[in-house]
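Structure assessment
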Amino acid sequence: MHRTVADAERELRELMRRGFSFPFDPQGALSDRPLRHSAVLILFGALDRTEASPAGAAASGMPPELDVLLIRRATGMRHHAGEIAFPGGGAEPEDGDDPARTALREAVEETGLVPEGVEVLGSLQRVHIPVSNNLVTPVVGWWRLPSDVAADRTESVDVFRAPVAELLDPAARGTSVLRRGGSTFRGPAFQLHDRLGGHVVWGFTGILLSALFEELGWAAPWDARRLLPVSP
């Protein structure tokens, strides 16, 4: 099946209306310290002029212009340094009890996007991330109006409009392998195209993307035996 952007948007809206929960196996021991509340923005759109590679679009059946916003975190960050992630961060008092407000505010700080151009479609279940001891709410949005984005060079060093078709190309998928404290953790992972640095998308971000793609029916069969070692 070859989808259009309109098909993808409709399916995403329908998914968020009906809701779903995804399995999450924490990659580390859960802490009993007080949790910090955070939110991330999973922002889809079709505004980037850089379309997916023909090979990626052909392999996945997804529209080449459909993309998702990702950042590469600064190497000096206390947690998840240098990792590919969704924009997001900790809640502030002015956010109230509103994860969408937190996610948008943090995305503006990290990427410079214009929040008025983002339509929030809903939120997913909160997840406890052991390494940072954050209770994170994923917020899903659709990018209705274009705005320029760029890294803030403090929390983010790169901003990617990653084509969904390339992420879903079976050749770009694999299983991340993280060894930490005598334990080994595995999870779904994606390898970005060389022009985006060839970085591996893994951990919480990889799990979220994989769960969304599977639930939406966008995922093509891929080889989980392909291992992608990552560093904590």
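Here, every reference points to the structure presented above.
Presented here is a report on the structure given in the accompanying data block. Source: prediction; values computed, not measured.

Rules used throughout
- Residues numbered from 1 in each chain as written.
- Predicted model: local features only at pLDDT ≥ 70, side-chain atom pairs only at ≥ 80, totals over all residues.
- Heavy atoms only, no water.
- Buried < 20%, exposed > 50% of the residue type's maximum accessible area, 1.4 Å probe, protein only.
- Helix = DSSP H or I, 4+ residues; strand = E, 2+ residues; numbered from the N terminus.
- Pairing = 2+ DSSP bridges.
- Core = buried A, V, L, I, M, F, W, Y, C linked by side-chain atoms within 4.5 Å.
- Contact = heavy atoms within 4.5 Å.
- Expected span 1.5 Å × (residues − 1).
- Polar contact = N/O pair within 3.5 Å; in protein donor to acceptor, adjacent residues only side chain to side chain.
- Salt bridge = Lys/Arg side-chain N within 4 Å of Asp/Glu carboxyl O.

The next thing to look at is the pairing of strand E2 (residues 67–73). Of all the 7 residues making up E2, 6 are buried; the element is thus mostly covered by neighbouring parts of the structure. Note that E2 and strand E8 (residues 156–163) share 7 bridges and pair antiparallel. Looking across to E8, one finds that Leu 69 is bridged to Arg 161. By the bridge criterion, 2 bridges tie E2 to strand E3 (residues 84–85) in an arrangement that is antiparallel. Note on E3: the bridge partner recorded for Ile 71 is Ala 85.

Turning our attention to the nonpolar core. In this structure, Phe 44, Val 68, Leu 70, Val 164, Leu 192, Phe 213 and Trp 218 are the most contacted members of the largest nonpolar core, which totals 42 residues. Of all the secondary structure elements, the ones that give two or more residues to this core are helix H1 (5–18), strand E1 (36–45), E2, strand E6 (127–129), strand E7 (134–143), E8, helix H4 (164–168) and helix H5 (203–216). Ranked by residue count, the leading element in this core is H5, at 7 residues. When residues no more than four places from it in sequence are discounted, the contact partners of Leu 192 are Leu 70, Ile 84, Phe 160, Ala 162, Leu 167, Gly 198, His 199 and Val 201.

Here helix H3 (residues 99–111) contains 13 residues, and its C-alpha end-to-end distance of 18 Å stays within 8% of the 18 Å for a straight helix at 1.5 Å per residue. Residues of H3 that are buried include every one of Ala 100, Thr 102, Ala 103, Leu 104, Arg 105, Glu 106, Ala 107, Glu 110 and Thr 111, and no others. Each element contacted by the buried residues of H3 is listed here: E1, E2, strand E4 (88–90), strand E5 (118–123), E7 and E8. Looking at where H3 begins, the residue whose side-chain oxygen comes 3.2 Å from the main-chain nitrogen of Ala 100 is Asp 98. Gly 112 lies just past H3 and shows a positive phi near 80 degrees.

Structurally, the α-helix is built with 3.6 residues per turn, so residues lying three or four positions apart point the same way. Compared with an ideal rise of 1.5 Å per residue, which puts 14 residues at 20 Å, H5 spans 20 Å between its outermost C-alpha atoms and is within 8% of the ideal. For H5, a buried count of 12 out of 14 residues is recorded, marking the element as mostly surrounded by other parts of the structure. Every buried residue of H5 is accounted for by Gly 203, Phe 204, Thr 205, Gly 206, Ile 207, Leu 208, Leu 209, Ser 210, Ala 211, Leu 212, Phe 213 and Leu 216. The positive-phi residue at the C-terminal boundary of H5 is Gly 217, with phi of around 80 degrees.

Scanning all chains against the criterion turns up 13 salt bridges. For Asp 7, the salt bridge identified is with Arg 10, shortest N-O distance 3.5 Å. Placement of both Asp 7 and Arg 10 in helix H1 is noted, with a separation of 3 residues, approximately one turn of the helix. Arg 10 gets classed as partly exposed once you look at its relative accessible area, which sits at 38%. Between Glu 119 and Arg 144 there is a salt bridge whose closest N-O contact spans 4.0 Å. Taken together, the positions of Glu 119 in strand E5 and Arg 144 in the loop between E7 and E8 put the pair 25 residues apart, joining distant regions of the chain.

Everything listed is a geometric property; what it means functionally is a separate question.
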